[in-house]
There are 2 protein chains.
Amino acid sequence: MQLPVTWDWRDAELQENATPLRTLRSTDERPTTVAAALSELLGRGVTQGQSLGAGYRRLWAELATATEDGKRLRPALLEASYRAWGGTDAHAFSMIGAAIELLHTAFVIHDDVIDDDDRRRGRLNVSGSHAAEARARGVEDGRAREYGAAAGILAGDLALAAALRAVATCAVPTGTVRRLLDLFDTALHTTAAGELDDVRLSLGLDAASVEETLTMAERKTAVYSFALPLQAAAVLADLPEPTVQAAGEVGRLLGTAFQLVDDLQGVFGDPAETGKSTLSDLRAGKQTSLIVHARTTDRWDEVAPFIGDATITEVEGRRVRDLLDSSGSHAFVQTLACQCALDALTLSLRSGLPRALVSWLRVTSFELLGRAA
Amino acid sequence: MQLPVTWDWRDAELQENATPLRTLRSTDERPTTVAAALSELLGRGVTQGQSLGAGYRRLWAELATATEDGKRLRPALLEASYRAWGGTDAHAFSMIGAAIELLHTAFVIHDDVIDDDDRRRGRLNVSGSHAAEARARGVEDGRAREYGAAAGILAGDLALAAALRAVATCAVPTGTVRRLLDLFDTALHTTAAGELDDVRLSLGLDAASVEETLTMAERKTAVYSFALPLQAAAVLADLPEPTVQAAGEVGRLLGTAFQLVDDLQGVFGDPAETGKSTLSDLRAGKQTSLIVHARTTDRWDEVAPFIGDATITEVEGRRVRDLLDSSGSHAFVQTLACQCALDALTLSLRSGLPRALVSWLRVTSFELLGRAA
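Quantities reported herein were computed from a predicted structural model and do not represent experimental measurements. (Residues numbered from 1 in each chain as written. Chains lettered and ligands numbered in written order. Predicted model: local features only at pLDDT ≥ 70, side-chain atom pairs only at ≥ 80, totals over all residues. Heavy atoms only, no water.)

## Digging into the environment of Leu-154 of chain B
Inclusion rule: Helix and strand definitions follow DSSP, with helices as H or I runs of at least four residues and strands as E runs of at least two, each counted in order from the N terminus. Per-residue accessibility, obtained with a 1.4 Å probe over protein chains only, is compared with the maximum for each type, and a residue is labelled buried under 20%, exposed over 50%, and partly exposed between these values. Any two residues having at least one pair of non-hydrogen atoms within 4.5 Å are treated as being in contact.
Note that Leu-154 of chain B resides in helix H7 (residues 141-168). Classification of Leu-154 of chain B by relative accessible area gives buried; the value is 6%. In sequence terms Leu-154 of chain B and Tyr-56 of chain B are 98 residues apart; their C-alpha atoms lie 9.5 Å from each other. Apart from the residues within four sequence positions on either side, Leu-154 of chain B is in contact with Ile-114, Ala-192, Glu-195 and Leu-196 of chain A together with Leu-59 of chain B.

In structure tokens form, the structure reads like this:
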């Protein structure tokens, strides 16, 4: 799972020029309070670990690096929604925003172990850097990779536990903590199910339809990345359950649109922008919406040999892109992404979400779809 | 990490015949309330997952199986201590006992992924059974193992989150929940550090002394398996911080004794009793107290070639055992285990732990040391 990395808050603000959202941060000025909350949570791990050895402290240092990498889309979505609903408790949204970011970090690190990836956004990730250390010290490659995987599993466990602890100890009323714990719990279960689906689909253990691929993406990414921040904001703002439900549904649709754009960028994107090769999804045989659609077209016989081919070349990659164009798969996924984003906006209007939030979501969607055009 | 599996509560009770401990369960009658709490926590995962697919529900089924396997030593230790301190809230100790058992399950499952073990106590574990399913459906071995690892990582994440949620939502005063969360947090950090140490020592990334090996074992096993249940019992019984600290220290010592006995049984034990081959620690090149001591003796040149040798035979295994006898390493570790157990008892008396608890710990230690004799 990887979200588009070219996300730019400033663009969104400029396009919309929406006054109620002036308090949102631009790219250069990340939400400092979420940052402070993250520092506190990460610092706690280091402090606790003063006596637990250099290896352990390094896990936390790498966790801190991993949280620095992203655009912190999820805490920003939480903050924007919470403020749009009139929320004013900066400490609460900062801690919950930091918790969501740490949950994301845990998922990303475990996902990289599961996919045996040693890099993320062009840099060595937790498992990659640990494996590299072991190799540099003369450990043979296979065992070095096992050590990297061990470090990744443990770092993810620490991030997951820190996230849940942050929710459990958040200084809000007990009933709110309980509702938040329920949201995090559902998000965690759903993401685990989506991750498992993803691996099963890649192995061909389950037959994939476009619907199943979308369900997988919704479970694996949309729920914790979009539904969770929106719902947590609604709960922090003490809104009734129907609003929380509607916010969740909007988040699922928006998240699915994001995932579809990510599928497109994984094959058609600019590596300089996305930070990943346009061949890696093809090499891994990922059953993205593009590939699953292509399978239903008459160009599949030509596409199939390249899917899951670890030796695919740049020239062959261009050939696959041409085939995905002529099969109509590229256009199909673009249309689907657009449909999901429009459905999200329609639902947010119908559900009476605050104007500032709907306008923020609209800008976000347009910016997103523009990138996939 | 594997605790001795021949633990038998009935033996302990018969030897001691201690009236205050009559309420403890025998082997045939496990603590039913902890069992009920576990069923509730595991059932919650299944219920939540009704719409999340068969693969996801299977993860929970395997988690349930994994918790059935053990002797539930940790919840029993919690219950015994809590009752000895006069505690009467059966619901509270059941939920916290179940949480500790789930934490243990999470560690064991992730540990098996890290060590690439596909069995535990002679049965396929979560990753092993998932890999077997994939192989049976025609997936090649390497990818089937990756799928198994993915399932293990995710199942462990679910168990870890369920454990922390059980603590966070436990029906005790907020201050008690906070103290319990702190204890679980410390245990989790310490165990992660110990697990990382273990992998580093196995790879030879850090030079190992007997002290370092003991520190690793204390971190990896003793803290969450012994200190945590004792400390959680003290917190549930609303005892002051010095008592909680003393309970933790007693737990660390007792846990270290257990780990030393486990090291002995891993090489000298009866496989029918321990459920694991006496060759597996040697094959894996585990830097146990036995091996680390042997390295300091003049028999090391003869022992060394067999450590980490994946092809070691039964005959060679007997040869290694003879060498570990003649080097004095066997006796050294036995003495050390005895010393740790005695230190635990001395400290528990000095710290004024309740008579029923001290007597329970004494029986436990004697039974343990008898097995390692």
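## Considering the relation of the copies chain B and chain A
To keep things clear, this is the line we draw: Fitting of the copies onto one another was done by least squares over C-alpha atoms, counting residues only where both copies have pLDDT of at least 70.
Between the two copies, chain B and chain A, the superposition gives an RMSD of 0.0 Å; the rotation angle is 180° and the shift along the axis is 0.0 Å. Taken together, the turn and the small shift mark the pair as related by a two-fold rotation axis. Taking the C-alpha atom as reference, chain B places Ala-168 of chain B closest to the rotation axis, 2.9 Å from it.

## A word on the packing of helix H8 (residues 174-203) of chain B against helix H9 (residues 210-236) of chain B
Residues and elements named next belong to chain B. Worth spelling out the cut-off: Axis definition: a line fitted to C-alpha atoms, over the contacting stretch in the case of helices. Angles run 0 to 180 degrees between N-to-C directions. An angle below 35 degrees is treated as roughly parallel, one above 145 as roughly antiparallel, one from 65 to 115 as roughly perpendicular, and anything else as oblique. For this classification, Asp, Glu, Lys and Arg are treated as charged, while Ala, Val, Leu, Ile, Met, Phe, Trp, Tyr, Cys and Pro are nonpolar and the rest, including Gly, are polar.
Following both chains from N to C, one finds H8 and H9 inclined at 170°, their axes separated by 7 Å at the closest point. Taken as axis vectors, H8 and H9 run roughly antiparallel relative to one another. Grouping the constituent residues of the contact of H8 with H9 by class yields 13 nonpolar, five polar and six charged.

## Focus: empty space enclosed by the protein
For clarity, the threshold we go by: Points on a 1 Å grid, built from protein atoms alone, make a cavity when a 1.4 Å probe fits but cannot get out and make a pocket when they are open with protein on both sides within 12 Å along at least 5 of 7 lines; residues with an atom within 4 Å of a point are the lining residues. Grid points are joined across faces, edges and corners, and a volume is the space filled by probe spheres set on the points.
For the structure on display, the rule yields twelve cavities of 30 Å³ or more. For the largest cavity, the calculated volume is near 150 Å³. Leu-164 and Arg-165 of chain A together with Ala-161, Leu-164 and Arg-165 of chain B are the residues nearest the centre of the largest cavity, which is lined by 16 residues in total. At the level of elements, helix H7 (141-168) and helix H8 (174-203) of chain A together with H7 and H8 of chain B are the ones that each hand at least two residues to the lining of the largest cavity. For the lining of the largest cavity, the residue count by class is twelve nonpolar, no polar and four charged.

## What about the interface of chain B and chain A?
One frequent convention defines the size of an interface as the accessible area lost when the parts assemble. What counts is decided by this rule: What counts as buried area is the accessible surface, traced by a 1.4 Å probe, that two parts surrender upon association, with contributions from both included. Salt bridges are defined as contacts in which a side-chain nitrogen from Lys or Arg sits within 4 Å of a carboxyl oxygen from Asp or Glu. A 3.5 Å cut-off defines polar contacts: any pair of N or O atoms within that distance qualifies, except that in protein one atom must be a possible hydrogen donor and the other a possible acceptor, and neighbouring residues in sequence count only when both atoms are side-chain atoms.
Of the residues lining the interface, 50 residues belong to chain B; the matching set on chain A comes to 50 residues. Across the chain B to chain A interface the summed buried area is about 4800 Å²; carbon plus sulfur atoms make up 64%. On the surface where chain B and chain A come into contact, there are eight salt bridges. Arg-44 of chain B is the partner of Asp-185 of chain A in a salt bridge, and the nearest nitrogen-oxygen pair spans 2.4 Å. Connecting chain B to chain A are 20 residue pairs in polar contact (both at pLDDT 80 or more). Those elements that place two or more of their residues in the side of chain B that touches chain A are helix H2 (32-48), helix H3 (54-69), helix H5 (90-115), helix H6 (126-136), H7 and H8 of chain B. In terms of residues, the side of chain B that touches chain A owes the most to one element, H8 of chain B, which gives 16 residues. The class makeup of the residues in the side of chain B that touches chain A is 27 nonpolar, eleven polar and twelve charged.

## Details of the nonpolar core
Selection rule: Think of a nonpolar core as a cluster: buried Ala, Val, Leu, Ile, Met, Phe, Trp, Tyr and Cys residues, connected wherever their side-chain atoms sit within 4.5 Å.
Ranked by internal contacts, the top residues of the largest apolar core, which has 237 residues, are Ile-96, Leu-180 and Phe-184 of chain A together with Trp-85, Ile-96, Leu-180 and Phe-184 of chain B. Excluding residues within four positions of it along the chain, Leu-180 of chain A makes contact with Ile-96, Val-167, Val-172, Ala-232, Val-235 and Leu-236 of chain A.

## As for the environment of Arg-58 of chain B
Residues and elements named next belong to chain B. Note that Arg-58 resides in helix H3. Residue Arg-58 is classed as partly exposed on the basis of its relative accessible area of 26%. Taking C-alpha positions, Arg-58 is 9.6 Å from Ala-155, a pair spaced 97 residues apart along the chain. Each residue touching Arg-58, except ones within four places of it in the same chain, is listed here: Ser-129, His-130 and Glu-133.

## Some points on the side chain of Asp-112 of chain A
Turning to its location among the elements, Asp-112 of chain A is positioned in helix H5 (residues 90-115). Those residues in contact with Asp-112 of chain A that sit more than four places away from it in its chain are Asp-117, Arg-119, Arg-120 and Asn-125 of chain A.

## Section: unusual backbone geometry
Residue and element names in this part refer to chain A. At Arg-72, a residue that is not glycine, the phi angle is positive and equals roughly 55°. Here Arg-72 shows up in the loop between helix H3 (54-69) and helix H4 (73-84). Overall, the relative accessible area of 8% leaves Arg-72 in the buried class.

## Concerning the pattern of salt bridges
Summed over all chains, the structure comprises 43 salt bridges over all chains. Put simply, Asp-182 of chain A and Arg-165 of chain B hold a salt bridge, and the shortest N to O gap is 2.8 Å. With Asp-182 of chain A in helix H8 and Arg-165 of chain B in helix H7, this residue pair bridges two chains. Owing to a relative accessible area of 30%, Asp-182 of chain A belongs among the partly exposed residues under this scheme. A salt bridge links Arg-83 of chain B to Glu-79 of chain B; the nearest nitrogen and oxygen atoms lie 2.8 Å apart. Here Arg-83 of chain B pairs with Glu-79 of chain B, and both are found in helix H4 (residues 73-84), just four residues apart, close to one helical turn. Put simply, Asp-111, Asp-112, Asp-115, Arg-120, Asp-198, Lys-220 and Lys-286 of chain A are held in one network by salt bridges that share partners.

## Topic: the packing of aromatic side chains
Residues and elements named next belong to chain A. Under the convention used in this document: Here a Phe, Tyr or Trp ring, Trp counted by its six-membered ring, pairs with any other such ring whose centre lies within 6.5 Å, and the pair is stacked when the planes are under 30 degrees apart, edge-to-face when over 60, and tilted otherwise.
Scanning the entire structure with this criterion turns up six aromatic pairs over all chains. Between Phe-226 and Phe-258, the ring centres sit 4.6 Å apart and the planes meet at 45°, which makes this aromatic pair tilted. Within this pair, whereas Phe-226 is found in helix H9 (residues 210-236), its partner Phe-258 is found in helix H10 (residues 241-268), the two being separated by 32 residues in sequence. For the pair shown, Phe-226 and Phe-258 are each scored as buried.

## Here we look at H6 of chain B
Within H6 of chain B, eight of the eleven residues are buried, leaving the element largely enclosed by the surrounding structure. Just beyond H6 of chain B, the residue with positive phi is Gly-138 of chain B, at close to 95°.

## What to know about the confidence of the model for chain A
Residue and element names in this part refer to chain A. Rule in force here: A score between 0 and 100, pLDDT records how confident the predictor is in each residue.
Per-residue confidence for chain A averages 87 on the pLDDT scale, and 91% of its residues sit at or above 70. Mean pLDDT values for the elements of chain A range from 33 in helix H1 (residues 9-16) up to 97 in H7. A low-confidence stretch, residues 1-31 (pLDDT under 50), is modelled with 89 contacts involving residues beyond four sequence positions or located in other chains.

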